[in-house]
Amino acid sequence: MKKILLLTDLSSDYNRKLLKGIVHYSKESCLWNFYRLPLYYKELYGAEGVIKWAKKWGADAIISQFDEIDIHLLTELNIPIIAQNYKERNKQTSNITGDYFNAGVMAANFFYRKGYRQFAYYDVKKTVWMRERGEGYISTIEKKGGEVILYNSSEEEQNEKLEVNHKNLRKWLENLPKPIALFACDDQHALHITELCKISGIHIPNEISVLGVDNDDLLCNISDPKLSSIELDVVNGGFLTGELLNSFFNKKVIPPVDVIIKPISIVTRESTERLVVSNKYVGQIIQYIEKNYAESISVKTIIDMVPMSRRVLEKTFKKETGTTIYQYIQLVRVEKFSRLLITTELSLIEAARMVGFSDYKNIFRIFQKFKSMSPGQYRKMHFHRGDENSL
């Protein structure tokens, strides 16, 4: 039986989901033996102590957050090491990392479709995931002709052992132009924003619309208002980590090879409820689509709702949302459909019908356009996420 040494922090929902996926793979395939070395152990004894313990226990692999341990020393063990990157990716080992850039792209497109034209991004510590999420967000907004207001933290605030300077952040929030769409690098930082907005009397989402990352159920639901967040494919990422580790053991793959955890979808809650569109008819249409996407609606149905010509309405709608009415309908349906694919056992046909796709053959073409894969491939890719509650 293979022995897997874990050096991970279990305080975050992300880390717990990741380990659920790894343990699920073990239960299904390999029945590995896990041991989590207490965090204080590496703080007390450093890399040398970890190496000594790994040798004594006979570890066959290590999965760890290497934020303070000398990776060069650990590679002397000559066993597979998978690093859960934090500050930067490790070039010497395999990484559990993320498609951070596209999480930022997803956030930017989400806010832009809601009519926002003023944007902000909040991070503090400048880690790889904070930096790349910001890069994806900023570059997407800039391509649309907009700008992003960044929070410029002090050196003190960037020291992860110190608390954020509330006074500076409150001043920044108060001085932001309103209404504005604010993307935070993760749910913990987004919760910090909603807390300070409450203290400062800044209304969410009427003045600031807030979106986080991780979809941490606890953090999102203790926020007032409840926090919208980008859900990541973390449990499945843990399962893929288990698969990769087993491939290393069987010498089917030679390390280093990275596991990339991708953003899946945006789980919307009250913090992003507001639409910001200057044309009341466009706002009316968006609300109608969001409410009636499962019904038989068409562009003609929508055009008949408002006192505007088709040409003028189409032009105005695209200016406000960045997309056409038809594309907006399809996008909403695809997002709802993809959610059903990974959270239910409905057949593809049943799921498609539930979100308003009447032409089953057409859904493959539309889904491929938005997700760059077929519905079946998408479900298979995220299949193991549904098993997290059984662990």
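Residues numbered from 1 in each chain as written. Predicted model: local features only at pLDDT ≥ 70, side-chain atom pairs only at ≥ 80, totals over all residues. Heavy atoms only, no water.

### A look at the overall build of the protein chain
Operational definition: Strands here are runs of E lasting at least two residues and helices are runs of H or I lasting at least four, both read from the DSSP assignment and numbered beginning at the N terminus. In this description the radius of gyration comes from C-alpha coordinates, and the expected globular size is given by 2.2 Å times residues to the power 0.38. The classification of residues rests on relative accessible area computed with a 1.4 Å probe and restricted to protein chains. Under 20% of the type maximum is buried, over 50% is exposed, and intermediate values are partly exposed. The contact criterion used throughout is that any non-hydrogen atoms of two residues lie within 4.5 Å. The accessible surface values rely on the Shrake-Rupley method and a 1.4 Å probe; as for residues, cover is taken only from the protein chains in view. His is not counted, nor are the chain ends, whereas Lys and Arg count as positive and Asp and Glu as negative. By convention, the charge on Lys lies at NZ, on Arg at CZ, on Asp at CG and on Glu at CD.
Assigned secondary structure in the protein chain consists of 17 helices and twelve strands. A compact globule built from 391 residues would reach a C-alpha radius of gyration of about 21 Å, and the protein chain, at 23 Å, matches this within 12%. Reported as C-alpha extents along the three principal axes, the dimensions of the protein chain are approximately 75 × 55 × 35 Å. A burial count over the protein chain gives 53% of its 391 residues as buried. Residue pairs at least 24 apart in sequence account for 70% of intrachain contacts in the protein chain once pairs closer than 6 positions are excluded. In the form shown here, the protein chain has an accessible surface area of approximately 19100 Å², with 49% of it arising from carbon and sulfur atoms. Computing the positive centroid from 54 side-chain charges and the negative centroid from 48, the protein chain places the two 6 Å apart.

### A look at the sheet that holds strand β4 (residues 81-84)
Note the cut-off: Only strands joined by at least two bridges in the DSSP assignment are considered to pair. Here, axes are lines fitted to C-alpha atoms. For helices the fit covers the stretch in contact, and angles between N-to-C directions go from 0 to 180 degrees.
Strand order in this open sheet of six strands is β2-β1-β3-β4-β5-β11, and the pairing throughout is parallel. Every other strand in the sheet has two partners, leaving β2 (33-36) and β11 (259-261) as the edge strands with one partner each. Between one strand axis and the next, the sheet turns by 20 degrees as a mean value, whatever way the strands run. Strands β1 (3-7), β2 and β3 (61-64) of the sheet are contacted by helix α2 (residues 39-57), whose axis makes an angle of about 170 degrees with β1.

### Quick word on the sheet that holds strand β8 (residues 180-184)
Strand order in the open sheet formed by six strands is β7-β6-β8-β9-β10-β12, and the pairing between neighbours is mixed. Two strands lie at the open edges of the sheet, namely β7 (148-150) and β12 (263-267), each paired on one side alone. Taking the axes of each pair of neighbouring strands and ignoring which way they run, one obtains an average angle of 25 degrees across the sheet. The pairing of strand β6 (residues 119-122) with β8 spans four bridges and is classified as parallel. Its bridge partner being in β8, Y122 is matched across the sheet by A184. Relative to β6, helix α5 (residues 128-143) is tilted by about 170 degrees, and along the sheet it contacts β6, β7, β8, β9 (208-213) and β10 (228-232).

### Concerning the nonpolar core
Selection criterion: The set of buried Ala, Val, Leu, Ile, Met, Phe, Trp, Tyr and Cys residues whose side-chain atoms join them within 4.5 Å is what this entry labels a nonpolar core.
Judged by nonpolar contacts, the single largest core of 47 residues is most densely connected at F111, F119, Y137, F183, I230 and L245. Among the elements that take part in this core, helix α4 (residues 100-113) stands out by supplying seven residues, more than any other. The contact partners of L245, leaving out residues within four places of it in the chain, are I4, W32, A61, I63, P80 and I82. Residues I302, A351, F357 and Y378 belong to the second largest nonpolar core, which totals 33 residues.

### Topic: the side chain of T272
Structurally, T272 is set in the loop between β12 and α11 (280-292). Judged by its relative accessible area of 1%, T272 is buried. Once residues lying within four places of it in the same chain are set aside, the contact partners of T272 are F110, F111, K114, P205, S209, V210, L211 and S228.

### Brief notes about the pairing of β3
Side chains of β3 alternate between two faces, with A61 and I63 and I62 and S64 buried alike. Here four bridges tie β1 to β3, and the two strands are oriented parallel to one another. Looking at the pairing, L7 lines up with S64 of β3. Note: β3 against β4, three bridges, orientation parallel. The partner of I62 across the bridge, within β4, is I81.

### Quick look at the environment of K226
In this fold, K226 is placed in the loop between α9 (217-222) and β10. Ignoring sequence-local partners within four residues, the contact set of K226 consists of C220, N221, R269, E270 and S271.

### Considerations on the pairing of β10
For clarity, the threshold we go by: Viewed with both strands pointing away, a crossover whose connecting path from the first strand over the helix to the second turns clockwise is right-handed.
The buried fraction of β10 amounts to five of the five residues, a majority that puts the element mostly inside the structure. Along β10, one buried face is formed by S228, I230 and L232 and the opposite face, lined by S229 and E231, is buried too. Direction of pairing for β9 relative to β10: parallel, over a ladder of three bridges. Bridging from a neighbouring strand, G212 pairs with S229 of β10. For the crossover that starts at β9, traverses α9 and ends in the parallel β10, the hand is right-handed. In this sheet, β12 lies alongside β10 in antiparallel orientation, the contact comprising four bridges. Looking across to β12, one finds that I230 is bridged to I266.

All quantities given are derived from atomic positions and should not be read as evidence of function.
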